[in-house]
Amino acid sequence: MEVRDYAQEDRTIGDCRCHRRRGGLRACHDIWAQVPPPCPLPTGEFDFDFADSQYPRCFRDVVRTGAFTAGEDFGGTRHTSLNIAGTAGAGGLTWMTMVDQDPTTPAADVVFASGTVCADILIQRFNNNKGAGVVALYNQDPTKKGLALILYDAGNTDLLTLATVAGDANGRLTPLVSVRLGSAIAENNWYRVVMTVTVGAMLEVHGQAYKHKTGTDPNSHIEAIGAPLTFGPTAFPIGVENQGEEGIIGSAIGAVENSSVTNFTNVRVNCLPPVPPA
């Protein structure tokens, strides 16, 4: 994981060179002052429930801006969420936003390698094939790609799908492997998707979908649904690198996208809390 450390670096602001003072305080020559990023993430860890102004303060939209809004979830469970709304034809569309300390600049300033990322997903109503999920190893470059783990509501053919996602303005998906979930996904209920990525000489990805003990409460205990998803290729998929950004994705195929996301975090213990005693 690499974080752009605003607290430790010298920096030029306008015509002024900023530097550190003793005690970690900073000063600028001339009239300029060092301004911290809108969303400081000094360790790279994050845990968003989308209360207050977490979106858009901590996110940079990268595919189809304007689809994301923060507020209560679409399902009426009264949880603060990031809501994704859009319409896709038969060819399918995606919508994506990335975690960013300073969304006012285009550069990626928090990138990760191995780790776990997860979120709770709610899909408001069924029509065709749509869902949402999490993204890792994403690089915003037309020649590069990232990895997306998406939970799809598709009637009797629900899926948990791992795909590559293009780093261009369209964010096209190429499925790698899927786990069939039958008709396990109920509308207006919360489900957790967890993706763990291990990078090194080889790439290894593990994914799992979970239901909540109380479907309308994304903070209730979780129970796995479907088989574990595993992906261990002999080489990285073309365009996927060994580090990149993490974010949220919505996806729809011939459908109206209306999904909500909360509890988006890369703190593993928050993704997979201890199992309560029986």
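Provided above is the structure to which this section pertains.
The notes below deal with the structure included here. (Residues numbered from 1 in each chain as written. Predicted model: local features only at pLDDT ≥ 70, side-chain atom pairs only at ≥ 80, totals over all residues. Heavy atoms only, no water.)

1. Focus on the overall build of the protein
Summing up its helical and strand segments, the protein has two helices and 20 strands in all. For the protein, the residues scored as buried account for 50% of the 278 residues in total. Partitioning the contacts of the protein with sequence separation of at least 6, the portion at a separation of at least 24 is 67%. When the accessible surface of the protein is summed, it comes to about 12600 Å², and 52% of that surface belongs to carbon and sulfur atoms. (Helix = DSSP H or I, 4+ residues; strand = E, 2+ residues; numbered from the N terminus. Buried < 20%, exposed > 50% of the residue type's maximum accessible area, 1.4 Å probe, protein only. Contact = heavy atoms within 4.5 Å. Areas by Shrake-Rupley, 256 points an atom, 1.4 Å probe, with all protein chains shown as cover.)

2. Observations concerning the nonpolar core
Burial of nonpolar side chains together is a common tendency in soluble globular proteins. Grouped together as the largest cluster of nonpolar side chains are 50 residues, with contacts concentrated most on Phe-48, Phe-59, Leu-160, Met-195 and Phe-264. Residue contributions to this core peak at five residues, all from strand 16 (residues 190-199). The residues contacting Leu-160, other than those within four sequence positions of it, are Leu-149, Ile-150, Leu-151, Val-177, Ser-178, Val-179, Leu-181, Val-193, Gly-207, Gln-208, Ala-209 and Leu-229. Ranked by size, the runner-up nonpolar core spans 13 residues in total, among them Met-98, Val-135, Ala-148 and Leu-173. (Core = buried A, V, L, I, M, F, W, Y, C linked by side-chain atoms within 4.5 Å.)

3. With respect to the packing of aromatic side chains
Evaluation of the coordinates by the stated rule reveals ten aromatic pairs. Plain terms: the ring middles of Phe-46 and Phe-48 are 5.5 Å apart, the flat faces sit at 15 degrees to each other, and that makes the pair stacked. For Phe-46, a relative accessible area of 3% corresponds to the buried category. Within the aromatic cluster, the residues linked to one another by ring pairs are Phe-46, Phe-48, Phe-50, Tyr-55, Phe-59, Phe-68, Phe-112 and Phe-264. (Phe/Tyr/Trp six-rings, centres within 6.5 Å; stacked < 30°, edge-to-face > 60°.)

4. Considering the side chain of Thr-262
Counting through the fold element by element, Thr-262 comes out in strand 20 (residues 255-265). Within the structure, Thr-262 has its side chain in polar contact with the backbone oxygen of Asp-49 (distance 3.4 Å). A polar side-chain atom of Thr-262 sits 2.9 Å from the main-chain carbonyl oxygen of Thr-80. Thr-262 has contacts with Phe-48, Asp-49, Phe-50, Thr-80, Ser-81, Ala-119, Asp-120, Trp-190 and Pro-218, leaving out every residue within four places of it along the chain. (Polar contact = N/O pair within 3.5 Å; in protein donor to acceptor, adjacent residues only side chain to side chain.)

5. A look at the state of the cysteines
Here a disulfide denotes one covalent bond, and it connects the sulfur atoms of two cysteines. Inspection of the entire model under this criterion finds two disulfides. The disulfide bridge from Cys-118 ends at Cys-271, spanning 2.2 Å between sulfur atoms. Because the sign of the S-S torsion sets the handedness, a value of about -95 degrees for the bond joining Cys-118 and Cys-271 places this disulfide among the left-handed ones. Note that Cys-118 is positioned in strand 11 (residues 115-123) and Cys-271 in helix 2 (residues 268-271), a separation of 153 residues in sequence. Taken as a pair, Cys-118 and Cys-271 share a single burial class, namely buried. (Disulfide = S-S within 2.5 Å.)

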